[in-house]
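Read off the chains here:
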4 protein chains.
Amino acid sequence: MKVGIIGANGYSGAELIRILQLHPEVEMSIMASHSTSGQLITEQYPHLQGIAENRLEEINIDEMMGSADLFFFATPSGVSKNLIHRFIEQEIPCIDLSGDHRLKDCDLYEKWYKYSPAPESVLQKSTYGLPELFREEIKNSTLIANPGCYPTATLLGLAPLLKNKKIHMDSVIIDGKSGVTGAGRKASLATHFCEVNENIKAYKLGSHQHIPEMEQVIQAYSGAAATITFTPHLVPMSRGIMCTIYADLVEPMTTEDTLKLYQEFYHDEYFVRIRQENQWPATKEVVGSNYCDIGVTVDERTNRVMIVSVIDNVMKGASGQAVQNMNIMNGWDENAGLIITPVYP
Amino acid sequence: MKVGIIGANGYSGAELIRILQLHPEVEMSIMASHSTSGQLITEQYPHLQGIAENRLEEINIDEMMGSADLFFFATPSGVSKNLIHRFIEQEIPCIDLSGDHRLKDCDLYEKWYKYSPAPESVLQKSTYGLPELFREEIKNSTLIANPGCYPTATLLGLAPLLKNKKIHMDSVIIDGKSGVTGAGRKASLATHFCEVNENIKAYKLGSHQHIPEMEQVIQAYSGAAATITFTPHLVPMSRGIMCTIYADLVEPMTTEDTLKLYQEFYHDEYFVRIRQENQWPATKEVVGSNYCDIGVTVDERTNRVMIVSVIDNVMKGASGQAVQNMNIMNGWDENAGLIITPVYP
Amino acid sequence: MKVGIIGANGYSGAELIRILQLHPEVEMSIMASHSTSGQLITEQYPHLQGIAENRLEEINIDEMMGSADLFFFATPSGVSKNLIHRFIEQEIPCIDLSGDHRLKDCDLYEKWYKYSPAPESVLQKSTYGLPELFREEIKNSTLIANPGCYPTATLLGLAPLLKNKKIHMDSVIIDGKSGVTGAGRKASLATHFCEVNENIKAYKLGSHQHIPEMEQVIQAYSGAAATITFTPHLVPMSRGIMCTIYADLVEPMTTEDTLKLYQEFYHDEYFVRIRQENQWPATKEVVGSNYCDIGVTVDERTNRVMIVSVIDNVMKGASGQAVQNMNIMNGWDENAGLIITPVYP
Amino acid sequence: MKVGIIGANGYSGAELIRILQLHPEVEMSIMASHSTSGQLITEQYPHLQGIAENRLEEINIDEMMGSADLFFFATPSGVSKNLIHRFIEQEIPCIDLSGDHRLKDCDLYEKWYKYSPAPESVLQKSTYGLPELFREEIKNSTLIANPGCYPTATLLGLAPLLKNKKIHMDSVIIDGKSGVTGAGRKASLATHFCEVNENIKAYKLGSHQHIPEMEQVIQAYSGAAATITFTPHLVPMSRGIMCTIYADLVEPMTTEDTLKLYQEFYHDEYFVRIRQENQWPATKEVVGSNYCDIGVTVDERTNRVMIVSVIDNVMKGASGQAVQNMNIMNGWDENAGLIITPVYP
């Protein structure tokens, strides 16, 4: 099957190339980039010398449409909303790594993203591509809204408790920590080495666009509404996201019982690994892979549960999950191309 | 005045040397270290060549006692509890940077530190050395229990709300992030560069010894008991601590009003700086200095207040604050030797 | 084919597991470790959860011998010299990642390594496992001395010039820069995060044990003796080695002609990539992969050639090259299990 | 005395503020910045809150001229050459931290900097501000060309050998390693955290503009011409430069004798510290300070001397040295405002 990558020049685009180049079922046919079209991908990424030497093409929908059977959009927010509906009209499967097709409510998108939304009819067709929670819906979808990086770590961290109604819905606090790849490859003072290095910084307190995404999915998945608190932080590392999640238990539970709940819930999931009691995952333990590793503790003093959930934001938080979705859409092994051991250290 | 440093070989010890060497009122008379006695301090710290070239001496109480008018204990937990009472009996002022004299309750110390406690009579004489909250007590004390790094950032971050009874006492959650100096200089797998670098790791969930310290001080300061949740994380940087603090407001408040409360509360404090609305401090902005920088936001959706409080853990979280305490005890300018601009970047 | 790993607990051991677990021709039968025997490998490396969950065994030669058809020794220097001869007597193929079987001259080993050497008869049987230079010898060898990390980058960087006698043999200066994995996983002050981070440090000036290794191979390969200068530096990163190599040209050459020489020399080599004129490789461009990337420039002002050669020290500088050697010894595709795209960024 | 800073918004500008704010003899009167004029300096640098809260002014020569008695130019290359001559005409002392007034030969400037040069008459008046070598000239100068960061470390590292004619002049090779502050604060892909982090990169091989600067000063200082090789590298750290210098000895010397030569040469220099035999300085050991630390070794196998010279590029390599020059010009203590212990770790 031929696949195309729109926005190949960013970090998610480069990661898609890394995965797809070894994927047993696909061939990369087209790589497009607005800002660097005309260049060889190796001019932007010398590490791809001898591996992928495609020339980046301009984003021209009419020309691209026939060149692949499925498209990944690895574009910044505010781009795919103007393009994807054209593909969907032709029933060409699309996986959107940006936030443009995640929120079903147009007003919500406009409020949090500050752009005009995608056409409502297209939004209604989109499926939230978190396979561990919505696998069946993904199988039959043409348009996947690939989840945000923080929501992926958070929702996988909360799902067993939500499903079993173990927590007070308005008590959820998520303290997120992200590596700098999450900010994209565009040069800015905020990503300058000397500003990030030896530093930790909170940002967008109470105003991050992943808040409505998490609330929407929590409600869709659990049937109950939640208003959450979420604070993201920028950490001096390239890859990795950790969400430390706090919630009040409805009834007292032991750490042991809570862990059992998680182990059963994720028993058949290839990409979710539950740590043993008194062990918590570190981001480095998933770098380069599609795993989400989770540790859980109940603080009996406060009757709160604390969950530590980590992913590689470029993999399970973006490109790896996108390929996982593609595999499901096509009926392939869900881990095809994704059997990758973390690179440690 | 002559001062001595017990435990000069650790990072807090070296930082005391950096500060005291330029302090207008003191002279360093003795530096002692159990593990490296006999060496020149420059063998351990070549950066001190030409600045401080003392020989490290064995920790011998009888010999040391006469050699200085005040002693700093920059020793690991479990050491000063066996030594300081000897100095206090002679009414020689001591500032203990370790946790050995912070908890007034012997059982609590034993439970959280896993050591037998200091003599209770000595514990009762100790004063918690957080100058912004307990300045008057410090003036008249001979034994200062210098606060822990996380408690310093947390308590300064919470004090205006505690004082004014603005938050629900059992709603406080502290998500702490620390640089690696916080783990001390002793070599271990946990501080190996390759294990820490490009990584973020949670540790001691629900079991960190700073929990009872914070609870004790919150109660002492506000008159009301609190059971808190605190989760520390290790971040790939050398210096700096950030505490992101969450609490439920008793009544709705705006961010603007909350900031006003903070600005008034800390109006005369040299070492506390409040950021403007929608600005939050980063740890790098205090590195090398004794400042505590604080940003505050109210999330009106959830009626929660979020506080971001940062310090240099080696300075305001340890040695800088110790010198600030010494200044107060001696009636000197509180910022003597501490007028230091952060080193940025 | 069954393979065993002696010294599985170090970084090279863990990297062998990462590679071999996906290798099409082998099965890992035994993992042994002196310091952590009895533990599960996941206790040391949680990132292997669900991937490799072997128990680490004690190093017992008699018991191990029958359990695999080929053994990797990923032990520190001074260990394999006492063990490997037992395997070689039984004609069991061994690949030694340590320096114990690289130097043919016993006295030289003793002088630079400060240990007594391996039995001379075993040393004479060992083959220096740098496939790009000694492929034929490797095919027929039972004992591979896997090259050091600095020598790998240096010798691949120099080979085209040596082969064509383009440089003065006593003019070679190598300025090496290494990530901290090169120092191994053992905790020490020298690898403490706070000592390495935000720092660059030269070490072992004129006394590094890779000096005689490089000189021996230069002579063996080019037929002419060389006395080289080599200065290693420790750089604040986990993986990667760069050797910046300086040499005086025998006759003036242009950069263009020199690059042509390199491109032809390495034309058929899968793992060596030559950069274009005015482009020099960065270590990050090979991280996680078995590539050696090389850039070359002639400084016409001084008639010197400057070569920048980079590898991932854990891969092409250790475990990746070891697997490449195993592939050659067994007649498999040389890149079996090693078709890995660098993880960028 | 009133001093002004032109280019206050860059890292050297911010560092001048850090130093001057505590300098006993001066008052900062004006801070100007082309790109951020109109802003408070704290908008760019929140760490200066409560310390320096000046408003950045537009660069307007006529208005600025009367506002200070001495001006620092912390502007990028290509800026001060169009401004400084106006001040020099009025005999207002200027210290230029950029490269615009270092090369006496206009053609050389044009060739290596790719800009048109400063007026030749002004160039002839400029003094190369390396105090340890040219103190007397600095005393009587109105225009100081503050040395480049690499040349500072290199020239101090070579001076004792040059002075005593101990090395072959065409054998000098300098392998430079710099932290990222050396690239300035302007955002670019080259300084993006994810591109620099976990990476080492060589750049401008054989074409760096500090080459003619070093050659000019070597000739001026030693009386003999030299053609040098210099290769800079970018290292993942914020501050610090290391130059590893290689040169062939004219006659054999021991390490001991060479060290004696250095110790005598720098005996009275406050800011140069010579390490003992078999010890080499690390960049972190000078961070935040104005020291240049030097280690020396003779490799008797090759008759080469190897020198490791480190500075904080923002201090001794820029702003610290600029203040040292100001002190000399004004007859103040040379270390006024510069008695600063390195911040370690």
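Quantities reported herein were computed from a predicted structural model and do not represent experimental measurements.

A. Broad picture of the overall build of chain A. Per the secondary structure count, chain A includes twelve helices and 13 strands. Compactness check: chain A gives a C-alpha radius of gyration of 19 Å against a globular reference of 20 Å for 345 residues, within 12% of the reference. Considered along the principal axes of its C-alpha atoms, chain A spans approximately 60 × 45 × 40 Å. Counting over 345 residues, chain A shows a buried share of 67%. Pairs at least 24 apart in sequence give 69% of the contacts found in chain A among residues at least 6 apart. With the model as given, the accessible surface of chain A reaches about 11,200 Å², and the carbon-plus-sulfur share is 45%.

B. Quick look at the relation of the copies chain D and chain B. In screw terms, the move from chain D to chain B is a rotation of 180° and a rise of 0.0 Å along the axis, fitting with an RMSD of 0.0 Å. Both chain copies can therefore be described as sitting about a two-fold axis. In this assembly the copies share their binding face: 100% of the residues contributing to the interface of chain D also contribute to that of chain B.

C. Highlighting the packing of aromatic side chains. Applying the stated criterion across every chain, the model contains 46 aromatic pairs over all chains. Each ring, one from A:Tyr45 and one from C:Tyr344, has its centre 5.9 Å from the other, and the planes form 80°; the classification is edge-to-face. You can see A:Tyr45 sitting in the loop between helix H2 (41-44) and helix H3 (61-65) and its partner C:Tyr344 sitting in the segment after helix H12 (315-329), one on each of two chains. One exposure class covers both A:Tyr45 and C:Tyr344, and it is buried. Each residue in the set A:Phe71, A:Phe73 and A:Phe87 is aromatic and connected to the rest through ring pairs, giving one cluster. Between C:Arg185 and the ring centre of C:Tyr45, over which it is positioned, the NZ or CZ distance is 4.0 Å.

D. Focus on the pairing of strand E10 (residues 241-248) of chain D. Residues and elements named next belong to chain D. The buried fraction of E10 is high, at seven of eight residues. The pairing of strand E7 (residues 173-178) with E10 spans six bridges and is antiparallel. Bridged to Asp-175 within E10 is Thr-244. Of the pairings in the sheet, the one linking E10 to strand E13 (residues 304-311) comprises eight bridges and is antiparallel in character. Its bridge partner being in E13, Asp-248 is matched across the sheet by Arg-304.

E. Geometry of the sheet that holds strand E1 (residues 2-6) of chain C. Residue and element names in this part refer to chain C. Read from one edge to the other, the open sheet built from six strands follows the order E2-E1-E3-E4-E6-E5, with strand pairing classed as parallel. If you trace the sheet from one side to the other, it starts and ends with strand E2 (27-32) and strand E5 (127-128), each paired once. When E1 meets strand E3 (residues 70-73), the two strands line up parallel, connected through four bridges. Within the sheet, the bridge partner assigned to Val-3 lies in E3 and is Leu-70.

F. How the structure looks around the pattern of salt bridges. Residue and element names in this part refer to chain A. Considering all chains together, one arrives at 68 salt bridges over all chains under this definition. A salt bridge links Glu-15 to Arg-18; the shortest N-O distance between them is 2.9 Å. With Glu-15 and Arg-18 both in helix H1 (residues 11-20) and three residues apart, this pair spans about one turn of that helix. Of the two residues examined, Glu-15 and Arg-18, each falls in the buried class. With a closest N to O distance of 3.0 Å, Glu-132 and Lys-316 form a salt bridge. Remark: Lys-316 occurs in helix H12 (residues 315-329) and Glu-132 occurs in helix H7 (residues 131-139); sequence separation between them is 184 residues. Taking relative accessible area as the criterion, Glu-132 reaches 9% and is therefore assigned buried. Through salt bridges with shared partners, a single network forms among Glu-15, Arg-18, Arg-239 and Asp-312.

G. Focus on the confidence of the model for chain A. Averaged over chain A, the pLDDT score is 97; the fraction of residues at 70 or greater is 100%. Interface confidence for the predicted complex, given as ipTM, is 0.97, next to a pTM of 0.98.

H. Region of interest: the packing of helix H8 (residues 149-163) of chain D against helix H10 (residues 210-222) of chain D. Residue and element names in this part refer to chain D. Orientation of H8 relative to H10, taken along the N-to-C sense of each, is 30°, at an axis distance of 10 Å. As the angle between them shows, H8 and H10 are arranged roughly parallel. H10 is crossed by H8, and the crossing has right-handed handedness. In this structure, H8 uses Cys-149, Tyr-150, Pro-151, Thr-154, Leu-155, Leu-158, Ala-159, Leu-162 and Lys-163 to contact H10, whose residues at the interface are His-210, Glu-213, Met-214, Val-217, Ile-218, Tyr-221 and Ser-222. The residue makeup of the contact of H8 with H10, split by class, is eleven nonpolar, three polar and two charged.

I. Representation of the relation of the copies chain A and chain B in the model. Superposition record for chain A on chain B: RMSD 0.0 Å, screw rotation 180°, translation along axis 0.0 Å. An overlap of 100% is found between the interface residues of chain A and their copies at the interface of chain B, pointing to a shared contact surface.

J. Summary view of the interface of chain D and chain B. At the junction of the two partners, chain D supplies 29 residues and chain B supplies 29 residues. Of the roughly 2,800 Å² buried where chain D meets chain B, counting both sides, 56% is carbon and sulfur surface. For the interface between chain D and chain B, the tally reads 16 residue pairs in polar contact (both at pLDDT 80 or more). Broken down by secondary-structure element, the contributors of at least two residues to the side of chain D that touches chain B are helix H1 (11-20) and strand E11 (272-274) of chain D. Split by residue class, the side of chain D that touches chain B holds 13 nonpolar, seven polar and nine charged.

K. Inspection of helix H11 (residues 255-265) of chain D at higher detail. All names here are of chain D. If you check which residues of H11 are buried, you get Thr-255, Thr-258, Leu-259, Leu-261 and Tyr-262. Down the axis of H11, the buried side of the element spans an arc of 155°, and every buried residue falls inside it. Check the buried side of H11 and you find it contacts H8, E11, strand E12 (292-299) and E13.

L. Quick peek at the sheet that holds strand E9 (residues 229-234) of chain C. All names here are of chain C. Read from one edge of the open sheet, seven strands run E8-E9-E7-E10-E13-E12-E11, paired in mixed fashion. Only two strands of the sheet have a single neighbouring strand rather than two, namely strand E8 (201-202) and strand E11 (272-274). Taken strand by strand, helix H8 (residues 149-163) contacts strand E7 (173-178), E9, strand E10 (241-248), strand E12 (292-299) and strand E13 (304-311), and its axis lies near 40° from that of E10.

M. Structural view of the environment of D:Ala190. Residue and element names in this part refer to chain D. Mapped onto the elements, Ala-190 comes out in the loop between E7 and helix H9 (193-196). Note on Ala-190: relative accessible area 54%, which makes it exposed. Along the sequence, Ala-190 and Leu-234 sit 44 residues apart, while their C-alpha atoms lie 9.7 Å from each other. In this view, Ala-190 contacts Val-196 and Leu-234; residues no more than four positions away in its chain are not counted.

N. Seen up close, the interface of chain A and chain B. Residue-level contacts link 49 residues of chain A with 49 residues of chain B. For the pair chain A and chain B, the two sides together bury roughly 4,100 Å², of which 55% comes from carbon and sulfur. Between A:Glu215 and B:Arg301 there is a salt bridge, and its shortest N-O distance comes to 2.3 Å. Counting across the interface, chain A meets chain B through 34 residue pairs in polar contact (both at pLDDT 80 or more). Those elements that place two or more of their residues in the side of chain A that touches chain B are strand E7 (173-178), helix H9 (193-196), strand E8 (201-202), helix H10 (210-222), strand E9 (229-234), strand E10 (241-248), strand E12 (292-299) and strand E13 (304-311) of chain A.

Criteria and cut-off values
- The numbers attached to residues start from 1 for each chain and follow its sequence in the written order.
- As a convention, the first chain written is A and the first ligand written is 1, with the rest following in written order.
- Only residues with pLDDT of at least 70 get local features here, since the model is predicted, and only at 80 or more are side-chain atom pairs given and counted; chain-wide, interface and lining totals rely on the full set of residues.
- Heavy atoms throughout the structure, all of them, feed into the side-chain values; hydrogens and water do not.
- Strands here mean DSSP runs of E at least two residues long; helices mean DSSP runs of H or I at least four residues long; both are numbered from the N terminus.
- Using C-alpha atoms as the atom set, the radius of gyration is obtained and then compared with a globule rule of 2.2 Å times the number of residues to the power 0.38.
- Exposure classes here rest on a 1.4 Å probe applied to the protein chains alone. A residue is buried below 20% of its type maximum, exposed above 50%, and partly exposed in between.
- By definition, residues are in contact when any of their heavy atoms lie within 4.5 Å.
- Methods summary: accessible areas were calculated by the Shrake-Rupley approach with a probe of 1.4 Å, and residue burial reflects only the protein chains presented.
- For this overlay, a least-squares fit was computed on C-alpha atoms, restricted to residues scoring pLDDT of at least 70 in both copies.
- Each aromatic pair joins two rings of Phe, Tyr and Trp (for Trp, the six-membered one) with centres within 6.5 Å, and gets the label stacked for planes under 30 degrees apart, edge-to-face for over 60, and tilted for any other angle.
- The criterion is that NZ of a Lys, or CZ of an Arg, lies within 6 Å of the ring centre and within 35 degrees of the ring normal, and then a charge sits over that ring.
- Only strands that DSSP links by at least two bridges are regarded as paired with each other.
- Here, a salt bridge means any Lys or Arg side-chain nitrogen found within 4 Å of an Asp or Glu carboxyl oxygen.
- Scored from 0 to 100, pLDDT reflects the predictor's confidence in each residue.
- Every axis corresponds to a line fitted to the C-alpha atoms, with the helix fit spanning only the stretch in contact, and the corresponding angles, defined between N-to-C directions, vary from 0 to 180 degrees.
- Any angle that falls under 35 degrees is termed roughly parallel, while one over 145 is termed roughly antiparallel, one within 65 to 115 roughly perpendicular, and all others oblique.
- Crossing handedness: left-handed means the near helix sits turned counterclockwise from the far one by under a right angle, and right-handed means the same turn made clockwise.
- As a working rule, the residues Ala, Val, Leu, Ile, Met, Phe, Trp, Tyr, Cys and Pro are called nonpolar, Asp, Glu, Lys and Arg charged, and the rest polar, with Gly in that last group.
- Note: buried area is the sum, over both parts, of the accessible area (probe 1.4 Å) each one loses when the two are combined.
- Any N or O atom pair separated by 3.5 Å or less is treated as a polar contact, with the protein-specific requirement of one donor-capable and one acceptor-capable atom, and with residues adjacent in sequence counted only for side-chain atom pairs.
- Working definition: the arc comes from the directions between the helix axis and the C-beta atoms, pointing outward to the latter.

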